[in-house]
Amino acid sequence: MGTHDFSKLTVIMGQRAKEVEAAGPYIMRKLAQVGTDTIVDATPVDTTRAVSNWKTGITTPTGEGPPLVQSVKGSGASAARRLVKANAASVFKAAEALKAEQVWLANYVPYIGILEYGSGTHRPHGMVNKGLQ
């Protein structure tokens, strides 16, 4: 089995702890981006209204905006998703640079709850739940 010299263990563990702490903002940004991308990709698209309104911000985003891309029966889905994810990536990068302690993701489309949880006529899609997983 052999013997091990643990005399430098404290120093090595201290160095590793500093490396992990320094990587924290990067790791959080990556996790936030993956979660947001998952939510955006899981959002059903017909008119792009709902998917266009996933807004990220260092402060709380407010209000509903217009669709980013005009769409008929989902034709603009990929373009709208690409724009929303690119915007989120820039917000997350800015938040990392500013050492922001929180970043917000919001959607103010009145029917977003129906898309998430379902209703009598709509099956739930669980976008947020998928993103959090």
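Look up a bit, the structure's there.
**With respect to the environment of Ala22**
Next, step 1: One can find Ala22 in helix H1 (residues 9-42).
Next, step 2: Between the C-alpha atoms of Ala22 and Thr38, which are 16 residues apart in sequence, the distance is 26 Å.

**Focus on the environment of Pro124**
Next, step 1: The topology assignment puts Pro124 in the loop between helix H4 (112-117) and helix H5 (127-132).
Next, step 2: Counting along the chain gives 96 residues from Pro124 to Met28, while the straight-line C-alpha distance between them is 28 Å.

**Some words on a nonpolar patch on the surface**
Next, step 1: Nonpolar side chains collect at one region of the surface, where Tyr26, Ile27, Met28 and Leu31 lie side by side and expose about 420 Å² of accessible area between them.
Next, step 2: Mapping Leu31 onto the fold places it in helix H1.

**Overview of unusual backbone geometry**
Next, step 1: Its identity is not glycine, yet Thr48 carries a phi of approximately 70°, on the positive side.
Next, step 2: Of note, Thr48 is situated in the loop between H1 and helix H2 (49-52).
Next, step 3: One non-glycine residue with positive phi stands out, namely Lys99, at about 55°.
Next, step 4: As for its position among the elements, Lys99 is in the loop between helix H3 (77-98) and strand S2 (104-106).
Next, step 5: Looking at Lys99, the relative accessible area reads 69%, which means it is exposed.

**Some points on H1**
Next, step 1: Given a rise of 1.5 Å per residue, 34 residues ought to cover 50 Å, and the 46 Å separating the end C-alpha atoms of H1 matches this to within 8%.
Next, step 2: Most pronounced at Gly24, the bend in H1 amounts to some 45°, and the proline Pro25 follows within four residues.
Next, step 3: Within the sequence span of H1, burial applies to Arg29, Gln33, Gly35, Thr36, Ile39, Val40 and Ala42.
Next, step 4: Here the buried face of H1 lies against H2, strand S1 (55-57), H3, S2 and H5.

**A word on the side chain of Arg81**
Next, step 1: Along the chain, Arg81 turns up in helix H3.
Next, step 2: Asp41 provides the closest opposite charge to the buried, salt-bridge-free Arg81, at an N-O distance of 4.3 Å.
Next, step 3: For Arg81, the side chain forms a polar contact with the main-chain oxygen of Val40, separated by 3.1 Å.
Next, step 4: One polar contact links the side chain of Arg81 to the main-chain carbonyl oxygen of Thr43, over a distance of 2.5 Å.
Next, step 5: Not counting residues within four places of it along the chain, the set of residues in contact with Arg81 comprises Val40, Asp41, Thr43, Val45 and Val51.

**Quick notes on the layout of surface pockets**
Space left empty within the atom packing is revealed by a probe, the size of a water molecule, rolled over the atoms.
Next, step 1: Space inside the largest pocket adds up to approximately 450 Å³.
Next, step 2: Among the secondary structure elements, those contributing two or more residues to the lining of the largest pocket are H1, S2, H4 and H5.
Next, step 3: By residue number, the principal contributor to the lining of the largest pocket is H1, which donates 7 residues.
Next, step 4: The residue inventory of the lining of the largest pocket, partitioned by class, reads 15 nonpolar, 6 polar and 1 charged.
Next, step 5: Within this model, the second largest pocket holds a volume of roughly 220 Å³.
Next, step 6: Pro25, Met28, Arg29, Ala32, Phe92, Ala95, Glu96, Lys99, Ala100, Glu101, Gln102 and Val103 together form the lining of the second largest pocket.
Next, step 7: Elements supplying a minimum of two residues to the lining of the second largest pocket: H1 and H3.
Next, step 8: When its residues are assigned to classes, the lining of the second largest pocket shows 7 nonpolar, 1 polar and 4 charged.

Rules and cut-offs
- By convention here, each chain's residues receive numbers from 1 onward along its written sequence.
- Local features in this predicted model are restricted to residues of pLDDT 70 or higher, and side-chain atom pairs are both shown and tallied only at a pLDDT of 80 or more, whereas totals for entire chains, interfaces and linings draw on every residue.
- As a rule here, side-chain values cover all heavy atoms of the structure and leave hydrogens and water aside.
- Per the convention used, a helix needs a DSSP run of H or I reaching at least four residues, while a strand needs a run of E reaching at least two, with both numbered from the N terminus.
- Patch membership requires over 30% relative accessible area and the absence of a salt bridge. Like charges are linked within 9 Å, and nonpolar side chains (Val, Leu, Ile, Met, Phe, Trp, Tyr) within 5 Å.
- Calculation of accessible area relied on Shrake-Rupley with a 1.4 Å probe; when residues are assessed, cover is drawn exclusively from the protein chains displayed.
- The salt bridge definition used is simple: a Lys or Arg side-chain nitrogen within 4 Å of an Asp or Glu carboxyl oxygen.
- Buried residues are those whose accessible area, probed at 1.4 Å on protein chains only, stays under 20% of the maximum for their type, while exposed residues exceed 50% and partly exposed ones sit between those limits.
- Expected helix span is given by 1.5 Å per residue-to-residue step, counting one fewer step than there are residues.
- Take the seven residues that end at a residue and the seven that start at it, fit an axis to each, and the angle between those axes is the bend at that residue.
- Here, residues are in contact when the closest pair of their heavy atoms is within 4.5 Å.
- None of His or the chain ends enter the tally, which takes Lys and Arg as positive and Asp and Glu as negative.
- We call two N or O atoms a polar contact when they sit within 3.5 Å, provided that within protein one can donate a hydrogen and the other can accept it, with sequence-adjacent residues counted only if both atoms are side-chain atoms.
- The way it works is a 1 Å grid over only the protein atoms, where trapped points that fit a 1.4 Å probe form a cavity and open points with protein on both sides within 12 Å along at least five of seven lines form a pocket, and then any residue with an atom within 4 Å of a point lines it.
- Grid points are joined across faces, edges and corners, and a volume is the space filled by probe spheres set on the points.
- Following the grouping adopted for this structure description, the nonpolar residues are Ala, Val, Leu, Ile, Met, Phe, Trp, Tyr, Cys and Pro, the charged ones are Asp, Glu, Lys and Arg, and the polar ones are all others, Gly among them.

This is a description of form; function is not addressed.
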